[in-house]
Amino acid sequence: MYRTKNCGELRMQHVGEEVTLAGWVQTVRKFGSITFTDLRDRYGITQLYFNEQLNCQLDATPIGREFVIQAVGKVVERTSKNNKIPTGDIEVEITSFKILNASAVPPFTIEENTDGGDELRMKYRYLDLRRPTLRRNLELRYKVNRSVRNYLDTLGFWDIETPFLIKSTPEGARDFVVPSRMNQGQFYALPQSPQTFKQLLMVSGYDRYYQVVKCFRDEDLRADRQPEFTQVDCEMAFVEQEDILNTFEGLFKHVFKDVKGVEMTEAFPRMTFDDAMWHYGNDKPDIRFEMKIQNLKSLGKVYCETVGSGSFKVFDDAETIVAISVPGGSEYTRKQIDELTEWVKRPQIGMSGVVNIKCNTDGTFKSSIDKFFTADQLESIAEYCQATTGHIILILAGAETRTRKAMSELRLEMGNRLGFRDHSIYKPLWVIDFPLFELDEEANRWVARHHPFTAPKPDHIELMNDLSRYGEIKANAYDIVLNGTEIGGGSIRIFQRDLQEKMFAALGMSKEEAQEKFGFLMGAFEYGAPPHGGIAFGFDRLCALLGGQETIRDFIAFPKNNSGRDVMLDAPSAIDEAQMKELGLK
Ligand code: ASP
């Protein structure tokens, strides 16, 4: 046996026992003839004590950081205890040891906090994975996976694999393609999700399906995306939206209880897409805090009369005027306000300034637009914004979409500054009634908001005959949102050939093109397709949120960097001439 115990399990009760440990040397501290080393494995760290005076064989000089050693010794109580680690009460007094393998000096420290930069740690990912931080993340990921599977298994869901070499399934992103050697000049696509396969499984009668599955999307990588990522992908037949929301709310609650010990007893709130946009400025509201957006004016409609009547040109000319009321803000100094102005002027936010009204504790108002509005007018704005004394009202004005988006960002920023976005608080909700289509402004055409297999609400199907009303059509599509992050989404699907054809036509696809791309699915709909619907969760993100962190990369064993590269493998890379030739590629 290489070891009788691991590096995380020895306690006071083991004092006096002879043990054999094996692991990696994290640190070596030599004091004359005495050496202490910290030995690490997946389970923890144990201090080893080498005393050359007892035995000259115990010269630990040859041992270096990250050497793999095997050591035999006796568990003894430590004189100076370390209460930071679970094994901190004991150490092992070594009687013999063996170096199993030496190590080059590692390029960064392999400890809780490391001195290695991102790229360096990615290059040596196998070393980074030795750090307890990443080890904990992977452990959490494993537990979430196990918990999801247990829950779905209890409800009779089957895990059915679907292929990776497929024909393109448009889900809004670009496909990764794979050249075929046997069919030269032709390509497979890697699935952006198993969407059409899971629908076909419903047609085949496997009415409860799931998979923890890799999906591939060739997108420009924004901060926290990966070209290959994992989804918990699910589909059910003979269901309505309500059944899906209930089933997966249950999954969520189960995972939180199982993995975090958090009991979520209340039903998740539901908010329509329209309400989310109106009150939070985006479709994934962070409801850990209120500070809702107040709409003073929107696309020609004046909601707050006072503002409409001012002679302040910035407001009069604006398509939209939105405000938030920030507690504690009446105390802001000139400097703090200037700093906020700079913040909204950053290119990512793109506003030219922010108007403020301070609701002083003595009942007076002080505003950056004092000269345009009377005290009474300011008071009625404050009333409209539900601002109380001590608040500051921050107002943005400008073009509808940009201003609303900027206010959504400003709200989150103020939430951060005020400590309202606490990682240990979890506030999930369902956002429902998404639009079926959205306007791609660049291409000036309507595209599917979710994907083209999403069904319109039955009483909105009529509207599909009138292009001018596409923006009004709603779908039975839903997202689950946690703390301001979308972690899953799905819809009730189209299951009739004629409606699916109508949908493709609405998206500007010719009959021939639709048949060429999706003939297999529409064909299946002719052979007894049941009503069905489903959902998919972003598994990496769910793990990161459960781990109280923002980046998914730290929850993936071997991730890619922001340019989609695996810096450890140095992939992607060129392939040689012979391989190109074999594939019929130039
Ligand atoms: N396939 C969809 C997606 O990846 C999820 C779903 O509709 O079930 O977003």
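Position labels on residues start from 1 in each chain and follow its written sequence. Residues qualify for local features only when their pLDDT is at least 70, as the model is predicted, and side-chain atom pairs are given and counted only at 80 or more; totals for whole chains, interfaces and linings, by contrast, use all residues. Water and hydrogen atoms play no part in the side-chain values, which are based on all heavy atoms of the structure.

With that settled, the discussion passes to the overall build of the protein chain. Helix numbering and strand numbering both begin at the N terminus, where a helix is a DSSP run of H or I of at least 4 residues and a strand a DSSP run of E of at least 2. Assigned secondary structure in the protein chain consists of 15 helices and 23 strands. Computed by Shrake-Rupley with a 1.4 Å probe, the accessible areas treat only the displayed protein chains as cover when residues are assessed. Element-wise, carbon and sulfur atoms account for 50% of the exposed surface of the protein chain, whose accessible area totals about 29000 Å².

All right, on to the side chain of Asp-128 then. Positionally, Asp-128 belongs in helix H2 (residues 125-128). For Asp-128, a relative accessible area of 1% puts it in the buried group. Discounting residues that sit within four places of it in the chain, Asp-128 has contacts with Phe-108, Arg-121 and Leu-134. The classification of residues rests on relative accessible area computed with a 1.4 Å probe and restricted to protein chains. Under 20% of the type maximum is buried, over 50% is exposed, and intermediate values are partly exposed. Every residue pair with non-hydrogen atoms within 4.5 Å of one another is taken to be in contact.

What follows is about the sheet that holds strand S1 (residues 18-31). In any sheet, the strands associate via hydrogen bonds between backbone groups, in a parallel or an antiparallel arrangement. Here, a strand pair is defined by DSSP locating no fewer than two bridges between the strands. Strand order in this closed barrel of 5 strands is S1-S2-S3-S5-S4, and the pairing throughout is mixed. Recorded for the sheet is a direction-independent mean angle of 55 degrees between the axes of neighbouring strands. Note on method: axes are straight lines fitted to C-alpha atoms, helices fitted across the in-contact stretch only, with angles between N-to-C directions ranging 0 to 180 degrees.

The cutoff for a nearby residue is simple: one of its non-hydrogen atoms must lie within 4 Å of the molecule or strand. Taken together, the neighbourhood of the ligand is formed by 14 residues, with Gln-195, Lys-198, Gln-231, His-451 and Arg-493 sitting nearest. In protein, a polar contact requires one atom able to donate a hydrogen and another able to accept it; more generally it is a pair of N or O atoms within 3.5 Å, and residues adjacent in sequence count only if both atoms are side-chain atoms. Note that an oxygen atom of the ligand is positioned 2.9 Å from one of the side-chain N or O atoms of Arg-217. With respect to the ligand, the side chain of Gln-231 contributes an N or O atom lying 2.9 Å from an oxygen atom. Within the complex, 92% of the 280 Å² of free accessible area of the ligand lies under protein. Contributions of two or more residues to the shell around the ligand are made by helix H4 (195-203), strand S22 (485-492) and strand S23 (532-538). Per element, the largest residue contribution to the shell around the ligand is 3 residues, and it comes from S23. Ten residue types, Ala, Val, Leu, Ile, Met, Phe, Trp, Tyr, Cys and Pro, are classed as nonpolar, four, Asp, Glu, Lys and Arg, as charged, and the remainder, Gly among them, as polar. Classifying every residue of the shell around the ligand by side-chain character gives 2 nonpolar, 8 polar and 4 charged.

Following both chains from N to C, one finds helix H3 (residues 132-154) and helix H14 (residues 539-546) inclined at 115 degrees, their axes separated by 10 Å at the closest point. The hand of the H3/H14 crossing is right-handed. Packed against H3, whose contacting residues are Leu-140, Arg-141, Val-144 and Asn-145, the element H14 presents Phe-539, Asp-540, Leu-542, Cys-543 and Leu-546 at the interface. Here a crossing is called left-handed whenever its near helix is offset anticlockwise from the far helix by less than a right angle, and right-handed whenever the offset is clockwise.

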